[in-house]
Amino acid sequence: MSASHAEDPVGVGIVGANPWSGTGLAAEMPGGDRFQVVGWTDEGLKTPHGQPEGIPCYPDYNMLLEDSAVELVVVEGPLERRRDLAVRALNAGRNVLLQEPFCETALDGERVMKTAFHTGLIATMQMPWRDEPDLRALQHALRQENLDQVHGLHMFWAPPADEPAPAEGLLAERAFPLLDQVNMVVRQDVGEIRTHPLRPAPEQPDTGFTLYLSLRGGGCAVVQAAGARIEEVPGWLVTTRGATIAVRDGVARVAAGEQRREYAAPGEAQDFWENLRAAVRDGTELKCHSVDIVRAMKLHEAALESAETGRAAVI
């Protein structure tokens, strides 16, 4: 953080949520010298009680967007409205932070992404799974070993033992972050996805799945999710022309010929809010870019399509 910005919080406007409810992005957002709510709109919401004095509440979203103190709009509310709310903010010259899910469809997400690109502004959301130690250890190993393109990948994932089964199944509710993590490692374009859901009975929500991703540059990635983790199985197994990497418990073990090396996840993960503030203030590269978000959304939609049709879905 530069000295010139040390006491210059980013002005935040809220739409689609009551910022004083104690939930949602407004509750997670750090205050102090980093972010400050300067206005919000109760359009579509009941006016809450106990609103702090001195913070304007606008009955119309357009009025919020006209407030020159608003630099970043936090978009929550109904999923089907998020694309419109985000695009309007970007076209009004405001950066946007969206609640997960980013948008209702990948096409909506692409509209937000392209608008952000054309306006030179930010469109992002939190992606906390990028901070997982196994992923960071793998990325660190790939950088340190200066390895070339990943040609083969197997990812094995299981939900925490105390986590209740998702009502819609693992594929619908958990595959998106897994596919985003794969995108962070395999930068090739995916040609098609074939999904094999594991269901206890027909028409019931899946309790696991396997995804086969064919890579346009050659090779494949496999994502396997099951109800329980086997401790001996690595979370990641990655192959390149120069090495094989197995990752488990935050340590990446590299086999390159006769050589063996280990890499732990380096230090603390980059803080999302610090990165967002630096991106707004100084143009720092975003930790969670809308291009990557939309890319993972398209893969997730293709995985769902394949599960429904029983055929491979072309990206």
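Residues numbered from 1 in each chain as written. Predicted model: local features only at pLDDT ≥ 70, side-chain atom pairs only at ≥ 80, totals over all residues. Heavy atoms only, no water.

A few words now on the overall build of the protein. Looking only at helices and strands, the protein features eight helices and 15 strands. Computed over C-alpha atoms, the radius of gyration of the protein comes to 21 Å, within 12% of the 20 Å expected from 2.2 N^0.38 for 315 residues, which places it in the range of a compact globule. Projecting the C-alpha coordinates of the protein onto the three principal axes gives extents of approximately 65 × 50 × 40 Å. Counting only residues that meet the buried cut, the protein has 49% of its 315 residues in that class. In the protein, once contacts between residues fewer than 6 apart in sequence are set aside, the share between residues at least 24 apart is 67%. (Helix = DSSP H or I, 4+ residues; strand = E, 2+ residues; numbered from the N terminus. Rg over C-alpha atoms; globule rule 2.2 N^0.38 Å. Buried < 20%, exposed > 50% of the residue type's maximum accessible area, 1.4 Å probe, protein only. Contact = heavy atoms within 4.5 Å.)

On average, residues of the protein score 92 in pLDDT, and 95% of them are at 70 or above. Taken together, the stretch residues 1-5 has pLDDT below 50 and engages in eight contacts with residues farther than four places along the chain or on a different chain. (pLDDT = per-residue confidence, 0-100.)

Below, the discussion takes up the packing of helix 5 (residues 133-145) against helix 6 (residues 170-185). Contact geometry of helix 5 with helix 6 gives a least axis separation of 10 Å together with a crossing angle of 10°. The orientation of helix 5 relative to helix 6 falls into the category roughly parallel. The two elements helix 5 and helix 6 meet at a crossing, and its hand is right-handed. In this structure, helix 5 uses Leu135, Leu138, Gln139 and Leu142 to contact helix 6, whose residues at the interface are Gln181, Met184 and Val185. A breakdown of the residues in the contact of helix 5 with helix 6 according to their chemical character gives five nonpolar, two polar and no charged. (Axes fitted to C-alpha atoms, helices over the stretch in contact; angles between N-to-C directions. Parallel < 35°, antiparallel > 145°, perpendicular 65-115°, else oblique. Left-handed = near helix turned anticlockwise from the far one by under 90°. Nonpolar A, V, L, I, M, F, W, Y, C, P; charged D, E, K, R; others polar.)

So, on to the packing of aromatic side chains. One pass over the structure, following the stated rule, counts three aromatic pairs. Residues Trp129 and Phe176 carry aromatic rings whose centres are separated by 5.8 Å and whose planes lie at 90° to one another, so their mutual orientation is edge-to-face. With Trp129 in the loop between strand 6 (123-124) and helix 5 and Phe176 in helix 6, the pair connects residues that are 47 residues apart, well separated along the chain. Ring geometry for Phe272 versus Trp273: centroids 5.3 Å apart, planes at 80°, classification edge-to-face. Counting every residue linked through ring pairs, the aromatic cluster contains Phe35, Phe272 and Trp273. (Phe/Tyr/Trp six-rings, centres within 6.5 Å; stacked < 30°, edge-to-face > 60°.)

If you look at the biggest cluster of nonpolar residues, it comprises 51 residues, and the most contacted ones within it are Val73, Phe102 and Leu276. When near neighbours in sequence (up to four residues on either side) are disregarded, Phe102 contacts Arg82, Gly109, Val112, Ala123, Thr124, Met125, Ser290, Ile293 and Met297. One finds Leu138, Ala252, Ala303 and Ala307 within the second-largest nonpolar core, a separate group that totals 42 residues. (Core = buried A, V, L, I, M, F, W, Y, C linked by side-chain atoms within 4.5 Å.)

With that settled, the discussion passes to the pairing of strand 4 (residues 72-75). Side chains Leu72 and Val74 of strand 4 all project onto a buried face; the interleaved residues Val73 and Val75 project onto the opposite face, where all are buried too. Where strand 4 meets strand 5 (residues 95-98), four bridges bridge the pair, whose relative direction is parallel. Bridging from a neighbouring strand, Leu72 pairs with Asn95 of strand 5. Between the parallel pair strand 4 and strand 5, the chain is carried across by helix 3 (residues 82-91), and the sense of this crossover is right-handed. (Pairing = 2+ DSSP bridges. Right-handed = clockwise from strand over helix to strand, strands pointing away.)

As a further point, take the sheet that holds strand 7 (residues 152-157). One key point about sheets: their strands pair by backbone hydrogen bonds, in either a parallel or an antiparallel sense. One open sheet holds the nine strands; their spatial order is 14-13-12-11-7-10-9-8-15, and the pairing between them is mixed. The open sheet has two free edges, formed respectively by strand 14 (259-264) and strand 15 (313-314), since each of these has just one partner strand. Where strand 7 and strand 11 (residues 236-239) come together, four bridges link them in antiparallel fashion. Its bridge partner lying in strand 11, Gly152 is registered against Thr239. The strands touched by helix 5 within the sheet are strand 11, strand 12 (244-248), strand 13 (251-256) and strand 14, with strand 14 carrying the most contacts at an inclination of about 130°.

Moving on, we get to the pairing of strand 9 (residues 208-215). Counted residue by residue, strand 9 has six buried out of eight residues, so it is predominantly covered. Bridge count between strand 8 (residues 190-198) and strand 9: eight bridges; the pairing is antiparallel. The partner of Glu192 across the bridge, within strand 9, is Ser214. Alignment of strand 9 against strand 10 (residues 220-225), held across six bridges, turns out to be antiparallel.

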